[in-house]
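Each chain, written out:
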Amino acid sequence: MNNHKTKLLTVITEAALESRLINDIEQLGGLGYTITNARGKGSRGLRSGSWEANANIRIEVICGPELVNQLAEHLQRKYYDNYAMVTFTSDVEVLRPTKFSD
Amino acid sequence: MNNHKTKLLTVITEAALESRLINDIEQLGGLGYTITNARGKGSRGLRSGSWEANANIRIEVICGPELVNQLAEHLQRKYYDNYAMVTFTSDVEVLRPTKFSD
Amino acid sequence: MNNHKTKLLTVITEAALESRLINDIEQLGGLGYTITNARGKGSRGLRSGSWEANANIRIEVICGPELVNQLAEHLQRKYYDNYAMVTFTSDVEVLRPTKFSD
Amino acid sequence: MNSIDPIIWFFLFGLFAGAMKSELRLPSQIYDFVSMLLLLTIGLKGGIELANQPFATLLPQMALVVGMGFLLPLLVFPILKHVGKFNKADSASIAAHYGSVSVGTFAVAVAYMNTRNIEFEEHMALFVVLLEIPAILVGIVLAKGLSKDTQWSTVGHEVLLGKGVMFLLGGLFIGWLSGPSGVESISPLFFDLFKGILALFLLEMGLITASQLGSLKRYGLFLVIFGIVTPLIFSVIGTATGLALGLSIGGTAILATLFASASYIAVPAAMRISVPEANPTLSLTASLGITFPFNILLGIPLYHWLASSAQNILA
Amino acid sequence: MNSIDPIIWFFLFGLFAGAMKSELRLPSQIYDFVSMLLLLTIGLKGGIELANQPFATLLPQMALVVGMGFLLPLLVFPILKHVGKFNKADSASIAAHYGSVSVGTFAVAVAYMNTRNIEFEEHMALFVVLLEIPAILVGIVLAKGLSKDTQWSTVGHEVLLGKGVMFLLGGLFIGWLSGPSGVESISPLFFDLFKGILALFLLEMGLITASQLGSLKRYGLFLVIFGIVTPLIFSVIGTATGLALGLSIGGTAILATLFASASYIAVPAAMRISVPEANPTLSLTASLGITFPFNILLGIPLYHWLASSAQNILA
Amino acid sequence: MNSIDPIIWFFLFGLFAGAMKSELRLPSQIYDFVSMLLLLTIGLKGGIELANQPFATLLPQMALVVGMGFLLPLLVFPILKHVGKFNKADSASIAAHYGSVSVGTFAVAVAYMNTRNIEFEEHMALFVVLLEIPAILVGIVLAKGLSKDTQWSTVGHEVLLGKGVMFLLGGLFIGWLSGPSGVESISPLFFDLFKGILALFLLEMGLITASQLGSLKRYGLFLVIFGIVTPLIFSVIGTATGLALGLSIGGTAILATLFASASYIAVPAAMRISVPEANPTLSLTASLGITFPFNILLGIPLYHWLASSAQNILA
Ligand SMILES: Nc1ncnc2c1ncn2[C@@H]1O[C@H](COP(=O)(O)O)[C@@H](O)[C@H]1O
Ligand SMILES: Nc1ncnc2c1ncn2[C@@H]1O[C@H](COP(=O)(O)O)[C@@H](O)[C@H]1O
Ligand SMILES: Nc1ncnc2c1ncn2[C@@H]1O[C@H](COP(=O)(O)O)[C@@H](O)[C@H]1O
Ligand code: NA
Ligand code: NA
Ligand code: NA
């Protein structure tokens with residue numbers, strides 16, 4: 001198998017930001033994303049997901065290391081001060097590298 | 001703690017494939033899987049999850065490196081041409097290695 | 001960018017344990033967690049999520065390597081014998097290390 | 001103004017909200033719930049009617065309707081392939097969608113007749129079930145040929161046990177076995193709420209239709225024309241079939257609507273599994289983006305007029 | 001044929017669809033919603049009845065019923081342990097399930113009586129709440145002994161504040177405080193839709209039951225026999241208790257049904273937390289896979305016959 | 001005791017269950033569904049009323065109400081900033097919440113009037129829509145100033161196309177276009193179930209309120225006092241406005257309730273996007289944790305008394 005190392009960015013944040021984050025990802029050149037609904041707790045308190053104002057989403061973007069850094073920095077600059085948000089990156093291997101930008 | 005390195009396969013694909021993928025995983029020897037509902041966008045367009053025909057699922061399988069390759073190749077051969085699908089693998093450590101095949 | 005290596009603990013277990021696991025995580029010093037609903041199959045059989053008694057949750061905790069081990073060992077001791085549960089850890093990089101304990 | 005049914009306004013409201021990129025959304029499980037209630041109710045209604053009349057008298061009608069279900073997709077397949085220039089799989093899949101029926105369109109037609117106190121044969125609901133299935137089989141054969149490879153037991157499983165057909169059939173049998181007096185106790189949920197539930201369904205359909213409009217530009221003019229002309233022609237065939245079956249004006253109009261409607265629940269699901277190489281966006285764009293709104297906004301009144309004109313001429 | 005309630009057909013439909021591996025499913029939040037409505041409605045009905053009669057007159061009846069709730073699990077525990085050869089935890093857990101009651105079975109019994117215009121004491125709903133709890137406490141003591149380690153406050157929290165008991169109690173209090181005229185404004189949702197909602201609940205129960213049948217083979221014959229004989233015996237005890245309480249035929253039959261039914265909501269949840277070493281598949285297979293279908297298909301008519309025979313003999 | 005509406009008991013039940021840390025929860029999609037039904041129903045009611053009377057006669061009333069919607073947040077902003085010592089963004093956000101209205105509180109007020117057979121102008125529902133929006137605009141300007149940077153088209157999009165306003169407006173137009181006879185067919189879902197649906201909504205509101213109480217301790221006494229005094233003062237202004245508009249006692253009381261209520265759906269969503277630096281916990285704690293329960297438990301009867309006293313004095 002011809003594996004290809006790349007990066008996975010995971011963002012956990014407020015559900016209210018969904019459409020804005022999608023815009024950001026696409027404008028910076030991300031070719032795809034996956035979203036799941038989530039709930040949780042962090043420095044900005046409990047977000048139990050019982051109604052929309054306190055629901056979280058979990059966004060995953062697979063992309064090359066440069067875009068991953070760009071995205072993470074962009075999100076940090078734009079949202080960290082005012083929104084519940086956690087981002088982390090990890091190493092993954094994909095089969096069809098052409099599907100993911102770099 | 002006695003950690004044990006193994007692999008995690010993540011597959012994001014159309015919800016309609018759920019039962020067939022489970023069959024595939026089990027027939028190739030996977031001992032377990034976890035599924036969450038998802039939505040997203042990729043090369044095959046927007047899959048917003050608003051109704052079943054365009055909902056995604058996210059399947060995770062923990063297993064040894066050989067099975068992970070076998071599974072990924074099998075899925076690629078069988079589904080990539082006709083279905084929205086992304087797969088990636090990553091390194092994880094588990095506590096109870098006996099629970100996972102390979 | 002000033003990335004910081006840390007750990008991600010993922011626990012997949014019975015939905016009935018949610019509040020107890022949250023307690024455990026907080027008492028051992030975890031500063032946050034994220035939960036998504038899941039279904040799956042493992043050594044304790046099929047958990048299809050169709051009703052609460054057989055629904056799973058997927059908990060993620062980002063924290064330093066020491067706490068991750070402590071948490072994993074604690075969960076193993078307390079729940080593995082009697083509950084459907086899988087835990088695994090992986091390496092991640094975060095941007096705001098101060099948000100995560102250790 | 002009052003002559004437009006409020007459920008149609010719900011559809012237009014959804015369409016507008018979707019076009020404006022509003023965040024309106026029916027939660028996905030609520031959409032499933034609402035669809036399920038519609039399917040069960042339609043099945044129940046058909047079943048009750050079956051309980052009211054000897055099954056044998058309906059058999060000839062049923063046979064003819066099933067026959068038409070096999071015929072209709074065959075009529076459009078060559079057009080899709082040679083005029084539309086779609087490949088074999090896509091042509092077969094779209095043909096299957098148009099040969100089958102849309103439960104939502106049927107429900108709107110029923111509501112239309114009820115509002116105007118137009119009588120129709122209640123066993124129309126039975127025809128919905130009958131018409132769901134043949135076109136799927138034809139579509140698969142058109143795409144794959146009659147090769148021995150086709151796993152017909154899997155196909156049969158997918159088709160018969162898929163949610164759409166299953167809820168319709170389940171409702172049908174329950175209605176049949178319980179009879180009109182038996183279902184009385186469950187009628188507040190299934191019958192009294194029917195039009196309200198249909199309104200919510202149409203709201204979401206409007207939102208979904210709006211999201212399909214984007215793809216329209218990509219697939220161009222042929223699909224738009226096909227999505228309007230096909231229902232017009234099929235409605236004429238449906239009217240003729242209704243007359244042949246000796247149906248009332250209401251029944252004829254509903255049968256014409258059924259023929260004119262294109263599936264977006266059972267067929268897409270079956271095609272996705274059995275003809276995966278067909279592009280699902282193509283068929284859904286046509287059936288949801290064009291034919292569904294055309295039928296509920298303009299088609300149904302037209303088919304009603306067609307049915308009554310035809311009956312007048314014959315009388 | 002018409003003598004079978006349509007809600008029973010919904011159960012059989014779910015059972016069939018599940019057995020055929022159809023993809024039918026009630027969305028999980030809809031199942032939660034439907035269960036919640038059932039529990040609230042049953043609670044409300046009991047509460048309204050409480051508002052109608054002086055509480056004190058019910059106290060002796062309530063005491064006897066609670067007493068039986070402690071007794072029933074003790075009767076089956078030795079059989080499970082010595083005949084069934086289950087370990088202590090499993091025996092205790094199964095005993096708790098059978099000592100407690102099934103709200104779904106109760107609802108079907110109520111629907112059965114209503115369809116046949118058989119009168120019964122409305123405060124039966126109160127007994128549902130009372131019978132939920134004692135068996136859980138007995139089960140925990142049987143599994144753990146009366147050790148000081150047991151965190152009774154946690155157990156009490158789990159039991160009383162679990163969803164099942166909470167919705168029942170909430171409905172009960174609201175019904176009691178509002179009285180029959182007060183709840184009139186909310187009756188379209190809670191009372192008129194009741195049987196339709198119950199039908200959907202039974203559809204999903206059929207699907208769940210079908211999914212349990214696989215485990216049956218693994219756990220074998222004893223569980224099947226136990227799942228049928230226990231309700232038979234408990235229904236006799238229930239009938240005797242009903243007579244002792246001076247209940248009507250309908251009330252006696254419902255009390256017999258309650259005794260014969262096995263929990264699958266409150267008790268599994270409580271056991272999972274308090275007796276985690278018990279295998280939940282065992283008890284759910286028995287209670288959902290055998291006893292629930294047995295009771296709603298055959299048991300309730302039988303217990304009705306039992307109650308009227310017993311009353312005839314006494315009269 | 002019977003004088004308390006059962007829907008209030010549902011709220012108290014939720015509050016109790018939440019305070020006891022019970023696991024009771026309305027599934028999130030069910031909560032969305034229930035909210036959606038409430039908003040659509042309220043919109044429909046307003047729309048039907050609009051269909052009943054010439055639009056022009058309402059225009060002056062509407063203008064005055066919109067004017068008040070701009071004024072109210074301006075009244076409390078300085079108090080929040082100088083007495084409460086909140087920063088600009090938080091003061092502006094809280095002011096916007098209190099200048100806007102709570103649909104849930106409105107629904108309870110309507111139920112209160114219906115139970116007591118008190119007449120009121122049905123176009124109150126129209127005022128709900130009108131009052132939702134101006135306070136949001138004022139809040140944004142207070143926080144950001146009238147800078148050219150503010151992307152008003154984005155703000156307008158967020159406000160008008162957010163779920164809350166959209167469902168209200170959609171219902172309003174559908175009701176208006178369909179008229180009273182048109183909506184009859186959908187009334188079992190939207191009107192007959194209304195109070196039951198409201199009961200479920202209030203149950204969840206009780207649970208949410210309970211979860212807010214924890215934050216109260218953190219933010220202290222000022223917020224508690226503010227959350228009670230503001231509705232009292234605003235209700236007086238509302239009563240005066242009602243008299244100025246020549247409303248009935250019921251209508252005046254409902255307008256007073258609207259002024260007294262604080263938003264927790266449309267405004268939080270809009271503020272989160274347009275004034276993200278405001279702490280959402282502050283405003284939600286006040287509006288959900290204090291003002292909402294105060295209004296539905298004590299406020300509405302008080303405002304009713306206020307309205308009738310005022311009318312008596314004037315008469
Ligand atoms: N240490 C953590 N581990 C996992 N998830 C976290 C952690 N901290 C925060 N989160 C998630 O990120 C969301 C926002 O975090 P915060 O901005 O810290 O409130 C929380 O609601 C959690 O869902
Ligand atoms: N770059 C990406 N990052 C994260 N998820 C992706 C990415 N590309 C695709 N996906 C997910 O995988 C699904 C199928 O992808 P595709 O086959 O490219 O349409 C999409 O609907 C997304 O949920
Ligand atoms: N090999 C695996 N890969 C991914 N998820 C698993 C695996 N094994 C178990 N799980 C998940 O963990 C849950 C509990 O596992 P178990 O205790 O093995 O029954 C299952 O219901 C699955 O959701
Ligand atoms: Na058709
Ligand atoms: Na029992
Ligand atoms: Na206000």
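Model, not experiment: these values are computed from the prediction. (Residues numbered from 1 in each chain as written. Chains lettered and ligands numbered in written order. Predicted model: local features only at pLDDT ≥ 70, side-chain atom pairs only at ≥ 80, totals over all residues. Heavy atoms only, no water.)

## Remarks on the overall build of chain D
For the record, the criterion: Per the convention used, a helix needs a DSSP run of H or I reaching at least four residues, while a strand needs a run of E reaching at least two, with both numbered from the N terminus. C-alpha atoms define the radius of gyration, and 2.2 Å times the number of residues to the power 0.38 defines the globule rule. Per-residue accessibility, obtained with a 1.4 Å probe over protein chains only, is compared with the maximum for each type, and a residue is labelled buried under 20%, exposed over 50%, and partly exposed between these values. With residues, only the protein chains shown are counted as cover, and all accessible areas are computed by Shrake-Rupley using a 1.4 Å probe. In this count, Lys and Arg are taken as positive residues and Asp and Glu as negative ones, while His and the chain termini are left out. To locate a charge, take NZ of a lysine, CZ of an arginine, CG of an aspartate or CD of a glutamate.
Of regular secondary structure, chain D possesses 14 helices and 0 strands. Seen in sequence order, chain D has helices and strands lined up from the N terminus as α-α-α-α-α-α-α-α-α-α-α-α-α-α. Against the globule reference of 20 Å for 315 residues, chain D gives a C-alpha radius of gyration of 18 Å, in line with a compact fold. Based on the C-alpha atoms only, the size of chain D along its principal axes is roughly 50 × 50 × 45 Å. Counting the 315 residues in chain D, one finds 64% classified as buried. A total of about 10700 Å² of accessible surface is found on chain D, and carbon and sulfur atoms cover 67% of it. Of the charged side chains in chain D, 14 are positive and 15 negative; the average position of the first set lies 14 Å away from that of the second.

## Re the coordination of the sodium ion (ligand 5)
All names here are of chain E. The cut-off we apply is this: Here a donor is any nitrogen, oxygen or sulfur atom (N, O, S) within 2.8 Å of the metal, with 3.2 Å used for Na, K and Ca; water is not among the atoms considered, so some sites may look incomplete.
On the protein side, the sodium ion (ligand 5) has Tyr98 (O), Ser100 (O), Phe259 (O) and Ser261 (O) as donor atoms, found 2.3 to 2.5 Å from it. Positions of the donor residues of the sodium ion (ligand 5), expressed as sequence spacing, correspond to Y-x1-S-x158-F-x1-S. Of this pair, Ser100 sits in the loop between helix 4 (88–99) and helix 5 (103–115) while Phe259 is found in helix 12 (residues 249–260), placing the two residues 159 residues apart along the sequence. As far as burial versus exposure is concerned, Ser100 and Phe259 are alike and both buried.

## Brief notes about the interface of chain F and chain D
Threshold: Contacts are assigned to residue pairs that have any heavy atoms within 4.5 Å of one another. When two parts are brought into contact, each loses some accessible area as probed by a 1.4 Å sphere; the total of that loss over both is the buried area. In the sections that follow, a salt bridge refers to a side-chain nitrogen of Lys or Arg positioned within 4 Å of a carboxyl oxygen of Asp or Glu. For the purposes of these results, a polar contact is taken to be a pair of N or O atoms within 3.5 Å, where, inside protein, one atom must be able to donate a hydrogen and its partner to accept one; residues adjacent in sequence count only when each atom of the pair is a side-chain atom.
Tallying the contact residues gives 26 residues for chain F and 27 residues for chain D. Interface area for chain F against chain D, summed over the two sides, is near 2400 Å², with a carbon-plus-sulfur share of 77%. Together, Gln29, Met166 and Leu177 of chain F form the three largest contributors to the area buried by chain F at its contact with chain D, with a combined 24%. Summed over the shared surface of chain F and chain D, the number is 0 salt bridges. One can count 4 residue pairs in polar contact (both at pLDDT 80 or more) joining chain F with chain D. If you list the elements that add at least two residues to the side of chain F that touches chain D, you get helix 2 (28–52), helix 8 (152–161), helix 9 (163–182) and helix 10 (187–192) of chain F. A total of 9 residues in the side of chain F that touches chain D trace back to one element, the largest contributor, which is helix 9 of chain F.

## Some remarks on the pattern of salt bridges
Charged atoms that come close allow side chains of opposite charge to pair. Applying the stated criterion across every chain yields a total of 30 salt bridges over all chains. Of the charged contacts, one joins Arg58 of chain A and Glu60 of chain C as a salt bridge, the two residues approaching to 2.7 Å between their closest N and O atoms. With Arg58 of chain A in strand 4 (residues 56–63) and Glu60 of chain C in strand 4 (residues 56–63), this residue pair bridges two chains. Here the salt bridges share partners, and the residues they tie into one network are Arg58 and Glu60 of chain A, Arg58 and Glu60 of chain B together with Arg58 and Glu60 of chain C.

## Some thoughts on the packing of helix 11 (residues 194–244) of chain E against helix 12 of chain E
Residue and element names in this part refer to chain E. In plain terms, the rule: Angles shown run from 0 to 180 degrees and are taken between the N-to-C directions of axes, each axis being a line fitted to C-alpha atoms and, for helices, limited to the stretch in contact. Each crossing gets its hand from how the near helix is turned against the far one by less than a right angle, where anticlockwise is left-handed and clockwise is right-handed.
The N-to-C vectors of helix 11 and helix 12 enclose an angle of 140°; their axes lie 7 Å apart at closest approach. Regarding helix 11 and helix 12, the two cross each other, and that crossing is right-handed. For the pair formed by helix 11 and helix 12, the contact residues are Pro231, Phe234, Ser235, Ile237, Gly238, Thr239, Thr241, Gly242 and Leu243 on the first element and Thr252, Leu255, Ala256, Phe259 and Ala260 on the second.

## Overview of the relation of the copies chain F and chain D
Keep this limit in mind: Fitting of the copies onto one another was done by least squares over C-alpha atoms, counting residues only where both copies have pLDDT of at least 70.
With an RMSD of 0.0 Å, the fit of chain F onto chain D corresponds to turning through 120° and sliding 0.0 Å along the axis. The superposition of one copy onto the other is thereby described by a three-fold rotation axis. Of the residues that chain F buries at the interface, just 12% are likewise interface residues in chain D, meaning the two copies contact each other through different surfaces.

## Concerning the coordination of the sodium ion (ligand 4)
Residues and elements named next belong to chain D. Taken together, the protein donors to the sodium ion (ligand 4) comprise Tyr98 (O), Ser100 (O), Phe259 (O) and Ser261 (O), at separations of 2.3 to 2.5 Å. Donor residues binding the sodium ion (ligand 4) come from one chain and are separated in sequence as Y-x1-S-x158-F-x1-S. On the basis of relative accessibility, which here comes to 0%, the residue Tyr98 falls in the buried class.

## Here's the deal with the interface of chain A and chain F
Counting residues at the interface gives 9 residues for chain A and 14 residues for chain F. Around 1100 Å² of area is buried between chain A and chain F when both sides are counted, 54% of it from carbon and sulfur atoms. Of all residues in chain A, Ser50, Trp51 and Asn82 of chain A give up the largest surface area on contact with chain F, accounting jointly for 52% of the area buried on that side. Applying the counting rule to chain A against chain F returns 2 salt bridges.

## Observations regarding unusual backbone geometry
Peptide bonds are mostly trans, and most non-glycine residues show a negative phi. Residues and elements named next belong to chain D. Its identity is not glycine, yet Asn117 carries a phi of approximately 55°, on the positive side. Along the polypeptide, Asn117 turns up in the loop between helix 5 (103–115) and helix 6 (124–132). Relative accessible area serves as the criterion here: at 70%, Asn117 is assigned to the exposed category.

## Comments concerning the arrangement of the chains
A gap remains between chain C and chain D, which never touch, and the nearest two C-alpha atoms on either side lie 13 Å apart. In this view chain A stays clear of chain E, with the nearest C-alpha atoms of the two still 13 Å from each other.

## A look at a nonpolar patch on the surface
All names here are of chain D. Quick reminder of the rule: Exposure above 30% relative accessible area and no salt bridge define the residues that can form patches, which grow by joining like charges within 9 Å and nonpolar side chains of Val, Leu, Ile, Met, Phe, Trp and Tyr within 5 Å.
Taken together, the side chains of Leu221, Ile225, Val229, Leu232, Ile233, Leu302 and Trp305 present a nonpolar region at the surface, about 660 Å² in accessible area. Listed by contribution, the elements that provide at least two residues to the nonpolar patch are helix 11 (194–244) and helix 14 (280–314). Among the elements that make up the nonpolar patch, the one with the highest residue count is helix 11 (5 residues). Position of Ile225 relative to the elements: it lies in helix 11.

## So, the nonpolar core
Using the following cut-off: Here, nonpolar core means buried Ala, Val, Leu, Ile, Met, Phe, Trp, Tyr and Cys residues that are tied together by side-chain atoms lying within 4.5 Å of each other.
If you look at the biggest cluster of nonpolar residues, it comprises 352 residues, and the most contacted ones within it are Phe127 and Phe190 of chain D, Phe190 of chain E together with Phe190 of chain F. With sequence-adjacent residues up to four places away left out, Phe190 of chain E is seen in contact with Leu37, Leu40, Thr41 and Leu44 of chain E together with Phe10, Gly196, Ala199 and Leu200 of chain F.

## Quick word on the side chain of Arg47 of chain C
Residues and elements named next belong to chain C. Examined against the element boundaries, Arg47 turns out to sit in strand 3 (residues 45–47). Buried charge Arg47 goes without a salt bridge, the closest partner of opposite sign being Glu14 at 4.1 Å. Of the polar contacts made by the side chain of Arg47, one reaches the backbone oxygen of Ala53; its length is 3.2 Å. At a separation of 3.1 Å, a polar atom in the side chain of Arg47 contacts the main-chain carbonyl oxygen of Ala55. Beyond its immediate stretch of four places on either side in the chain, Arg47 contacts Glu14, Ala15, Arg39, Gly40, Ala53, Asn54, Ala55, Asn56 and Ala84.

## Quick word on the confidence of the model for chain A
What counts is decided by this rule: Each residue carries a pLDDT score, the predictor's own confidence in it, on a scale running from 0 to 100.
Summarising the model, chain A shows a mean pLDDT of 92, and 92% of its residues fall at 70 or more. Per-element confidence in chain A ranges from a low mean pLDDT of 92 for strand 3 (residues 45–47) of chain A to a high of 98 for strand 4 of chain A.

## As for the packing of helix 3 (residues 55–83) of chain F against helix 11 (residues 194–244) of chain F
Residue and element names in this part refer to chain F. Which entries qualify depends on this criterion: Angle categories are assigned with fixed cut-offs, so that under 35 degrees is roughly parallel, over 145 is roughly antiparallel, 65 to 115 is roughly perpendicular, and the rest are oblique.
Running from N to C, helix 3 and helix 11 cross one another at 150°; their axes reach a closest spacing of 12 Å. In terms of axis orientation, helix 3 runs roughly antiparallel to helix 11. Every pair of crossing elements has a handedness; the one defined by helix 3 and helix 11 is right-handed. Seen from helix 3, the contacting residues are Leu64, Met68, Leu72, Leu75, Val76, Ile79, Leu80 and Val83; seen from helix 11, they are Phe222, Phe226, Thr230, Phe234, Ile237 and Thr241.

## Quick word on the environment of Asn295 of chain E
All names here are of chain E. Locating Asn295 in the fold gives a position in helix 14 (residues 280–314). The class of Asn295 is buried, set by a relative accessible area of 0%. For the pair formed by Asn295 and Pro231, sequence separation is 64 residues and the distance between their alpha carbons is 7.7 Å. Beyond its immediate stretch of four places on either side in the chain, Asn295 contacts Thr105, Pro231, Ala260, Ser261, Ile300 and Tyr303. At 3.2 Å, the side chain of Asn295 and the backbone oxygen of Ala260 are in polar contact.

## A word on helix 7 (residues 134–144) of chain F
All names here are of chain F. For helix 7, a buried count of 8 out of 11 residues is recorded, marking the element as mostly surrounded by other parts of the structure. Those residues of helix 7 that sit buried are Pro134, Ala135, Ile136, Val138, Gly139, Ile140, Leu142 and Ala143. Those residues of helix 7 that are buried lie in contact with helix 3, helix 4 (88–99), helix 6 (124–132), helix 8 and helix 13 (266–274). Following helix 7 by one or two positions, Gly145 has its phi on the positive side, about 75°.

## A few points about the pairing of strand 2 (residues 33–42) of chain C
The condition that has to hold: A pair of strands is labelled paired if DSSP reports no fewer than 2 bridges between them.
Counting buried positions along strand 2 of chain C gives 7 out of 10 residues, so the element sits mostly inside the fold. Across 3 bridges, the pairing between strand 2 (residues 33–42) of chain A and strand 2 of chain C is antiparallel. Paired with Lys41 of chain A across the strands is Tyr33 of chain C, a residue of strand 2 of chain C. Bridge analysis of strand 2 of chain C against strand 4 of chain C gives 5 bridges, and the strand direction is antiparallel. The residue bridging Asn37 of chain C from the neighbouring strand is Ile57 of chain C, located in strand 4 of chain C. Alignment of strand 2 of chain C against strand 3 of chain C, held across 3 bridges, turns out to be antiparallel. Note that in strand 3 of chain C the partner of Lys41 of chain C across the bridge is Leu46 of chain C. Between strand 2 of chain C and strand 3 of chain C, which pair antiparallel one after the other, the connecting turn spans 2 residues.

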